[in-house]
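The primary structure of each chain is shown beneath.
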Amino acid sequence: MAEDRQRCLDAGMNDYLSKPYTLEQLQQRLFALFSAPVGTASRNSALSINTQVASPATKDDENHSSQLLWQTDIFQKNFKGLEEIRSEVMNVFRLQLPQAAKEIEQAWQQADEKCLTRLAHGLKSSAAQLGCMALSHSAKKLEDSTKSHDGQDVAALVSHLLQLIEQTHQVLPTQLD
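Residues numbered from 1 in each chain as written. Predicted model: local features only at pLDDT ≥ 70, side-chain atom pairs only at ≥ 80, totals over all residues. Heavy atoms only, no water.

Draft legend 1. Highlighting the environment of Val 92. Note that Val 92 resides in helix α6 (residues 83-109). Sequence spacing of Val 92 and Thr 174 is 82 residues, and the spatial spacing of their C-alpha atoms is 9.7 Å. (Helix = DSSP H or I, 4+ residues; strand = E, 2+ residues; numbered from the N terminus.)

Draft legend 2. Molecular detail of the side chain of Gln 71. Secondary-structure assignment places Gln 71 in the loop between α4 (61-64) and α5 (72-78). Judged by its relative accessible area of 16%, Gln 71 is buried. Non-local contacts of Gln 71, meaning those with residues more than four positions away in its chain, are made with Gly 131 and Met 133. (Buried < 20%, exposed > 50% of the residue type's maximum accessible area, 1.4 Å probe, protein only. Contact = heavy atoms within 4.5 Å.)

Draft legend 3. Examining α6 more closely. For α6, with 27 residues, the first-to-last C-alpha span of 39 Å sits near the 39 Å given by 1.5 Å per residue. The largest bend along α6 reaches roughly 40 degrees and is located at Leu 97, with the proline Pro 98 sitting one to four residues downstream. One or two residues past the end of α6 sits Ala 111, with phi positive at roughly 55 degrees. (Expected span 1.5 Å × (residues − 1). Bend = angle between axes of the 7 residues up to and from the residue.)

Draft legend 4. Examining the packing of α6 against helix α7 (residues 113-129) more closely. Across the interface, α6 lies against α7 with an axial gap of 9 Å and an inter-helix angle of 155 degrees. On the basis of their axis angle, the class for α6 and α7 is roughly antiparallel. In this structure, α6 meets α7 at a crossing whose hand is left-handed. In contact with Phe 93, Leu 97, Glu 103, Ile 104, Ala 107 and Trp 108 of α6, α7 contributes Cys 115, Leu 116, Leu 119, Leu 123, Ser 126 and Ala 127. (Axes fitted to C-alpha atoms, helices over the stretch in contact; angles between N-to-C directions. Parallel < 35°, antiparallel > 145°, perpendicular 65-115°, else oblique. Left-handed = near helix turned anticlockwise from the far one by under 90°.)

Written out as structure tokens, the structure reads:
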């Protein structure tokens, strides 16, 4: 099992939680999220352990602009059985979005592609877990572009991602029912 964990970490995962896991183990990972600074592995790993994460959309940017910024059905599916903590997880994610935007902008201004890739990766996973698929898709495009040096306009990708972060922050609820 240690080899599986290492293989996953080497492939770019932020953390690893093997199945079956208990609610207590899951809660420990989620609570690690609350005390970790934005952009750290423990912050992002708490939100990337669900094996039911929906895949980011693969349509062109024009098409995903019409996607909902927050797809509640995905959120509810990913947090089924975790009703007692899902509001807190959502609130932490929402409150940390402005800091994530600052860190992404700073990494871009400093031309730190490695940091930009890491931040985009963490945001992609967290956003998908919470049903913020347009944000996840945009972060994935930035991550892929910085990894592959494919010649895409990284400035435009960063700008678009920052806009989506702001829009998503505005639409996410401060309280869940």
